[in-house]
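Each chain is listed here by its residues.
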Amino acid sequence: MCLTSASTPSLVDRLRSGDARALARAISIVENRRPEAVALLKTLFPSTGHARVLGLTGAPGAGKSTLVDQIAKHYRKENQTVGIIAVDPTSPYTGGAILGDRIRMQDHYSDPGIFIRSMATRGSLGGLARTTADVATVLDASGRDLIMIETVGVGQDEVDIVRLADVTIVILVPGMGDDVQTIKAGIMEIADIFVINKSDREGAERVEREIRSMQSLDIRKDGWTPPIVKTVASDGTGTKELAAAIGNYEAYLKNENLLVQKNVENWRERLIEMLRDAMLEKARARITDGALDRYAVEIAEHKRDPYSLVEEIVSGTAK
Ligand SMILES: Nc1nc2c(ncn2[C@@H]2O[C@H](COP(=O)(O)OP(=O)(O)OP(=O)(O)O)[C@@H](O)[C@H]2O)c(=O)[nH]1
Ligand SMILES: [Mg+2]
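Fair warning: this is a prediction, and the values are worked out from it, not measured in the lab.

A.B. asks: I'm lost on the overall build of the chain in this one. Help?
C.D. replies: A tally of helices and strands in the chain yields 14 helices and 7 strands. Counting across all 319 residues of the chain, residues that qualify as buried make up 35%. By sequence separation, contacts in the chain at least 24 residues apart represent 73% of the contacts at least 6 residues apart.

Put into structure tokens, the structure is as follows:
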């Protein structure tokens, strides 16, 4: 791939001008960790930092995609361009259900102001959180005003993924038994805004009470009390209120100068992760598959100890 070329507009130029095909191609390069991915990200990085990033997480079927759709439409009316990343870490497939989801959603968006990408790769190289962050970087460089990341809230992966968002929205629904208790504590803690979707169903008040009682036990160190917004994503009820809540939190972040702090913390984590990947890659490059097998046999037979071996590999003296 040619990143810069005098004659034809380069991928980067086309991407920056908002070309959806160039965007899709750049995302594939990054997602698949192709050899040119790092060069591409280096070139794009200076043009990033302008998009607002919303993270939305919640149980399977909570209505995340439907809500994302409503939020996208809302901001499109304000002429903002939108990029959506739908991540499903629970799915081992890159196709299947989520691909159906993507086709359904993309169909729906004849509007070029909305770009949607699905990712469902548990085995993705370099970790799903990192890949998502890099895909968000590409969307940001393409000039999208708003990036939304939708992920199923089931574990650490989601916590890592939504950490890169400026605003994190946790979506709950009524009628799941002991609703709030069944949601992983880690997910509850990351909410900047709670949404009770499917509020047309019985039990929305109960969920609200549960969130409130949980909040009364735990005051956030930044002093923000996450508001609770009730929505019916399937008919758009509550979208305006949600957008207002998002705006309020963004204003709060700005006034308190918390956005910079959040970004610094996020980059600290990401840097460590990037370093870990880079070091591991370097170490792996030094070991052939055959050598790895031989080392494993030698350790299993107690002919050498793994602690010294690791030190030797790191220092490049392993034999
Ligand atoms: N009654 C009701 N149904 C809703 C509401 N919001 C979404 N739904 C329906 O719930 C189902 C799941 O919605 P999705 O938006 O696909 O949910 P999701 O959380 O994205 O699902 P996954 O991505 O598969 O985890 C769909 O049939 C929606 O039409 C709502 O507010 N009320
Ligand atoms: Mg969905």
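A.B. asks: Explain the site of ligand 1 to me, please; I cannot follow it from the model alone.
C.D. replies: In the vicinity of ligand 1 there are 15 residues, among which Gly-63, Lys-64, Ser-65, Thr-66 and Ala-233 approach most closely. At 3 residues, helix α4 (residues 64–77) tops the list of elements feeding residues into the shell around ligand 1. For the shell around ligand 1, the class distribution of residues is 5 nonpolar, 7 polar and 3 charged.

A.B. asks: Explain unusual backbone geometry here, please?
C.D. replies: Glycine aside, negative phi is the norm for most residues, and most peptide bonds take the trans geometry. The backbone of Arg-33 sits at a positive phi, close to 50 degrees, despite the residue not being glycine. Inspection of the secondary structure puts Arg-33 in the loop between α2 (20–31) and α3 (37–44). At Asn-79, a residue that is not glycine, the phi angle is positive and equals roughly 70 degrees. Inspection of the secondary structure assignment puts Asn-79 in the loop between α4 and β2 (82–87).

A.B. asks: Help me understand the packing of α4 against helix α11 (residues 239–255) in this model?
C.D. replies: Running from N to C, α4 and α11 point in directions that differ by 75 degrees, and their axes come no closer than 10 Å. The orientation of α4 with respect to α11, classified from their angle, is roughly perpendicular. The segment α4 lies against α11, with Gln-70, Ile-71 and His-74 engaging Thr-239, Leu-242 and Ala-243. Tallied by class, the residues present in the contact of α4 with α11 amount to 3 nonpolar, 3 polar and no charged.

A.B. asks: It is not clear to me how α2 should be interpreted in this structure. Could you clarify?
C.D. replies: Three- or four-residue spacings in an α-helix give side chains the same orientation, since the helix completes a turn every 3.6 residues. Between its terminal C-alpha atoms α2 stretches 16 Å, which fits the 16 Å expected from 12 residues at 1.5 Å a residue. All of the buried residues along α2 are Ala-22, Leu-23, Ala-26, Ile-27, Ile-29, Val-30 and Glu-31. The inward-facing, buried residues of α2 contact α1 (11–16), α3, β3 (114–119) and α6 (128–141). Backbone geometry just downstream of α2 places Arg-33 in the positive-phi region, at approximately 50 degrees.

A.B. asks: Whenever I open this one, the pairing of strand β5 (residues 167–172) confuses me. Can you help?
C.D. replies: Consecutive side chains of a regular strand alternate in pointing toward one face of the sheet and then the other. Where burial is concerned, most of β5 is hidden: 6 out of the 6 residues are buried. Residues Val-167, Ile-169 and Ile-171 point to one face of β5 and Thr-168, Val-170 and Leu-172 to the other, with burial holding for every one of them. Summarising the sheet, strand β1 (residues 52–58) and β5 pair through 5 bridges and their orientation is parallel. Among the inter-strand pairings, Leu-54 is bridged to a residue of β5, identified as Val-167. Pairing between β5 and strand β6 (residues 193–196): 4 bridges, direction parallel. Directly across from Leu-172, in β6, lies its bridge partner Ile-196.

A.B. asks: Is there a simple way to think about the nonpolar core in this case?
C.D. replies: One broad rule of soluble globular proteins: the nonpolar side chains tend to lie buried together. Ranked by size, the top nonpolar core spans 71 residues in total, and within it Ala-26, Ile-84, Met-148, Ile-149 and Ile-193 carry the most contacts. In this structure, Ile-149 is in contact with Val-53, Gly-55, Leu-56, Ile-85, Val-87, Thr-132, Ala-136, Ile-161, Val-162 and Ala-165, ignoring residues within four places of it in sequence.

A.B. asks: Looking at this model, I keep getting lost on the sheet that holds β3. Mind explaining?
C.D. replies: Hydrogen bonds between backbone atoms are what pair the strands of a sheet, whose relative direction is either parallel or antiparallel. Strands sit in the order β3-β2-β4-β1-β5-β6-β7 across an open sheet of 7 strands; the sheet is parallel. Bordering the open sheet on either side are β3 and β7 (228–230), each of which pairs with just one other strand. Ignoring which end each strand starts from, the neighbouring axes of this sheet average 20 degrees apart. Strand contacts of helix α10 (residues 204–217): β5, β6 and β7, with the helix running at about 160 degrees to β6, the strand carrying the most contacts.

A.B. asks: Help me understand the environment of Ala-318 in this model?
C.D. replies: Tracing the sequence through the fold places Ala-318 in the segment after α14 (306–315). In this structure the C-alpha to C-alpha distance between Ala-318 and Ile-287, which are 31 residues apart in sequence, comes to 9.0 Å.

A.B. asks: Please explain helix α13 (residues 289–300) as it appears in this structure.
C.D. replies: An ideal rise of 1.5 Å per residue puts 16 Å on 12 residues; α13 measures up with 17 Å between its terminal C-alpha atoms. α13 sits mainly on the outside: 0 of its 12 residues count as buried. The positive-phi residue at the C-terminal boundary of α13 is His-302, with phi of around 60 degrees.

A.B. asks: For this particular structure, what's the right way to read the environment of Met-279?
C.D. replies: Note that Met-279 resides in helix α12 (residues 258–286). With 11 C-beta atoms packed within 10 Å, Met-279 lands in the exposed category. Residues Met-279 and Val-314, 35 residues apart in the sequence, show an inter-C-alpha distance of 8.9 Å.

Analysis parameters
- Residues numbered from 1 in each chain as written.
- Chains lettered and ligands numbered in written order.
- Predicted model: local features only at pLDDT ≥ 70, side-chain atom pairs only at ≥ 80, totals over all residues.
- Helix = DSSP H or I, 4+ residues; strand = E, 2+ residues; numbered from the N terminus.
- Buried ≥ 20, exposed ≤ 12 C-beta atoms within 10 Å, placed from the backbone.
- Contact = placed C-beta atoms within 7 Å.
- Near = placed C-beta within 6 Å.
- Nonpolar A, V, L, I, M, F, W, Y, C, P; charged D, E, K, R; others polar.
- Axes fitted to C-alpha atoms, helices over the stretch in contact; angles between N-to-C directions.
- Parallel < 35°, antiparallel > 145°, perpendicular 65-115°, else oblique.
- Expected span 1.5 Å × (residues − 1).
- Pairing = 2+ DSSP bridges.
- Core = buried A, V, L, I, M, F, W, Y, C linked by C-beta atoms within 7 Å.

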